[in-house]
Every structure is written in C-alpha cells, then in structure tokens.
Amino acid sequence: MDFLNSLFSLSATSVTLCGAFFITLTGYALGSIRFKGLQFGAAGVFLMALLFGYLFTVPALQGIPVLSKFYIAGPDAAVVDQYGYLESIGLILFVTSVGFIAGPSFFRNLKVNAKSYVPLATIIVFTGVVFTVLFAMIPGIGADYANGILSGALTSTPAFSAAKQVAENQGLVSLGHAVAYPFGVVGVVLFVQIIPRLVKADLAAEREAIKIVKTDTSEIIEDNKKKGKLLDEFGFSSFGVAVILGIFLGSIKIPLTGAGFGGACFSLGNTGGPLIIALICGHFGRIGKLSLEVPAHVVKTFREFGLTLFLIGAGVEGGVELVAQVQASEYGVMLLIYGFIAGAFMTTVPLLVGYLCASRLFKLRLLNNLGALTGGMTSTPALGTLIKVAGTDDVASAYASAYPVALVLIVIASNFIGTFL
C-alpha cells in the first residue's frame, strides 16, 4: 500500500480533477440511458456526484491503495472546498451564458414579462412557502427543518444561506436541505421532459412560436466591426466584464431587519448578479466603442461546461453533507422520511400549480411555460435539460425573466419563516 501511494503522488488538486472528470464520464453515461423516452441527461452527472460524495466518505476506503487519496473525511475536508469552487465557477459560467443568450429579447419583452413571468414566479414561490409553513407547524418539525427543506426543494443555495443565518439550529436547516435537494434537482428535470409527452406537444410548432432572430457567429463578428471593437474573437473579454461586474453587483448586501448589516441581509449573490449584468450586456451589445458580444458557439460551450461543473460540485457537496447530517442527527429515521416526502411535495406542487397558472391564466406557450417554471423553481439543471428537449436556446429568455424574481422572493421568505415561526 505504501509503495502504491508513493508511486502515485497525487496532489489534492489532482485528486479533485480526477474525481470531477470521472463523475463527468460516468454521469453523462448514466444520463444518456433512455427509459420510455425519458433520460436524466445532465442530471445524471448530479446523481453520480451525489453517489461519489457518499461512497468516498466510507472509512474503509482509507485502507485501499491509491483510492485512499480520494477519501473525504467530512464536510470540512479541504477537498470539499475544492468541489465547492467548481460549483461556484460552474454556476457563474452557466448563468452568465444564459444572460447573454436571453439578453437580446429580455428587455424587448419586458412588458410581457411583468404581466406573466413575474406573477408566475411569485405564485410558484408562494405555493412552496405555504407548504413550508404548514409543515413547520407539525409538532416536532419546526421552522428550521422546514426552511431547509424549502431551500432544497427549490434548489436555492441563497435561500439555504439565508435560512441558516436566522436559524436557532443550523444543523436542522442543513439536514432538511440535504434530504430535499436530490429530488429537487431530479424532479424538475423529469417534469420538463414528461409534460411535453403528456400533452403531445408539437415541439417544432412550439419552437417556431418563440423563435428569436439569431445572428450567425461570422455575422456577429462582422457586425461588431461596425458597432464596436472586439478585443478577442472568442468574446472572452466581454464575458469577463460581465462576470466581474456581476460578482460586484451580487456582493451588495441589503439589510432585511433592524439589526442592519449584522442581521439577516439579502444579496443577489454569484447567481443573480452575473445573470442581470449579462442580460444588460446581451441587450446593449457594447459600451461606447467596446463590443460586448460573445459568439453563440462560445456562449453555448460555457453554458454546458458551467452546468457540468455546477452539478459536480453541488452533487459531491450534497452527498458528503447528507451523510454527515444523517450520522449526526439525533432525530431518527422517521424525520428523514418526513423530510423527503415534504420536499417532494414542495417541489411537485409548485411545479403543477405554476404550470396550470402559466397555461390557463397567463396563456403562455408550452416552451415559455416550462422555461418560466425552471426559473421560478430556480432550477439550473432543469433549464439545461429543457434546452435539449425543446431544441432551442430561446427558452432561456423565460427562465431569465422568472429567475431573479424567484431568487429575491425565496430569500425573503426564508428569512421570514426563520424569524417569525
């Protein structure tokens, strides 16, 4: 064992990279398996990452040559932080790409957005919050556990952070989030695949209905010569401008209580900030003589790469956290079962209510409906799946319209639940 461990002198960074690419390989293999026309797609990466995070916390792993280097001692292990960095980088790449894709149509359709996507996102979050309050009132449950389940069911890291800030027992918040998060990811991914099949949708007609006039990459570059200076042919500099400004915007904190900055605060974070700035950059296309365009093929590559990194990081962290919270829990198996069931309801019911309201009340076309649902549920993986199901990036516009509203509301709701229940 000592010889093999000495032979393979893997650094912590090398271990993380090997783990990430192993998860990518096996995850996409799992995601490509079709069952009655359905597949996990990119969510297969999340499931394999979740399994990876669980298996590599098993103590017996420490006695196996080479594999012992992949052992994860717990949530505080340095390697978990490295997967956390991958998650953060991936999320920023993904939402910034979505912003650039949706930007050209987002502000043009702002009047429509305000009348449909904004109230739809409000309805989705409100439905989830109602179930959270009801669940919290059950004897032995409480606000902390219910709040954690809500953030997991809606896959909202900002809401999770907000819930922990106002919690009396942060361990219960973490346990609830860890129990509900897997179904929160997979449930929405499957939903956006099942609904078009159930309604026998003509996806070609649906695509045509939301079609946005696109510009070919060569035309973009040629047009940029007229509109402004393009610093590099791949648009990396423009992308970088959006990310930097977005991170600064996302870091601005707004106090939500009388305690000021020392109490619960709201911020857009590394999700909402880059998304909003990218929407603005995608809409205007330049600052003075400097072009802010990013070629379509680059944006799509960043979007897919970012989604993969996000799912790897979130899955590994989720698997390790779930093991740690279950082992440390003094509340018994039944509480975990209740939490999973409640999380499934908090994912499924808002989806169904949102879908019905979008189709019957707001009269949205199917793909705009589903795009808005992924935004209202703050579900990054589901948008990636929907783009593949729909066969068009245009659904990103509906996602980008609903997402910021849902993000703000879910954070405020988490603070409210934790403070007043």
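Cut-offs used in this document
Along each chain, residue indices are assigned from 1 in the same order as the chain's sequence is written. Local features are withheld for residues below a pLDDT of 70 in this predicted model, meaning they are given only at 70 or higher, and side-chain atom pairs are given and counted only at 80 or more; totals for whole chains, interfaces and linings count all residues. Side-chain metrics rest on all non-hydrogen atoms present in the structure, leaving aside hydrogens and water. A helix here means a DSSP run of H or I that spans at least four residues, while a strand means a run of E at least two residues long, and both kinds are numbered starting from the N terminus. Buried and open spaces are told apart on a 1 Å grid over the protein atoms alone, a cavity being a set of points where a 1.4 Å probe fits but cannot get out and a pocket being an open set with protein on both sides within 12 Å along at least five of seven lines. Residues with an atom within 4 Å of a point are the lining residues. Grid points are joined across faces, edges and corners, and a volume is the space filled by probe spheres set on the points. In this count, Pro and Cys sit with the nonpolar residues alongside Ala, Val, Leu, Ile, Met, Phe, Trp and Tyr, while Asp, Glu, Lys and Arg are called charged and the others, Gly among them, polar.

A.B. asks: I keep staring at unusual backbone geometry and nothing clicks. Help me out?
C.D. replies: For T155, which is not a glycine, the phi torsion comes out positive at approximately 45°. Relative to the elements of secondary structure, T155 occurs in the loop between α7 (142-153) and α8 (157-165).

A.B. asks: How should the layout of surface pockets be read in this particular structure?
C.D. replies: To find leftover empty space, one rolls a probe the size of a water molecule over the atoms. Roughly 1,000 Å³ of volume is contained in the largest pocket. Around the largest pocket, the lining is made up of 38 residues, and of these E87, T157, P158, F160 and S161 lie nearest the centre. Put simply, the parts of the chain that give the lining of the largest pocket at least two residues each are α4 (78-106), α8, α9 (170-198), β2 (265-266), α13 (269-284) and α14 (296-328). A class-by-class count of the residues in the lining of the largest pocket yields 19 nonpolar, twelve polar and seven charged.

A.B. asks: Just checking my understanding: could you explain the environment of Q327 for this structure?
C.D. replies: Within the element layout of this structure, Q327 appears in helix α14. Considering only alpha carbons, one finds Q327 and F191, 136 residues apart in sequence, at a separation of 32 Å.

A.B. asks: When you look at empty space enclosed by the protein in this model, what are you seeing that I'm missing?
C.D. replies: The tally for this structure, following the rule as stated, stands at one cavity of 30 Å³ or more. Taken as a whole, the largest cavity spans an internal volume of roughly 110 Å³. In terms of lining residues, the largest cavity is bounded by 13 residues, among which L91, T155, T378, T380 and Y403 are the most central. Breaking the lining of the largest cavity down by element, the ones donating at least two residues are α8, α17 (380-390) and α18 (395-420). Considering only residue class, the lining of the largest cavity consists of seven nonpolar, six polar and no charged.

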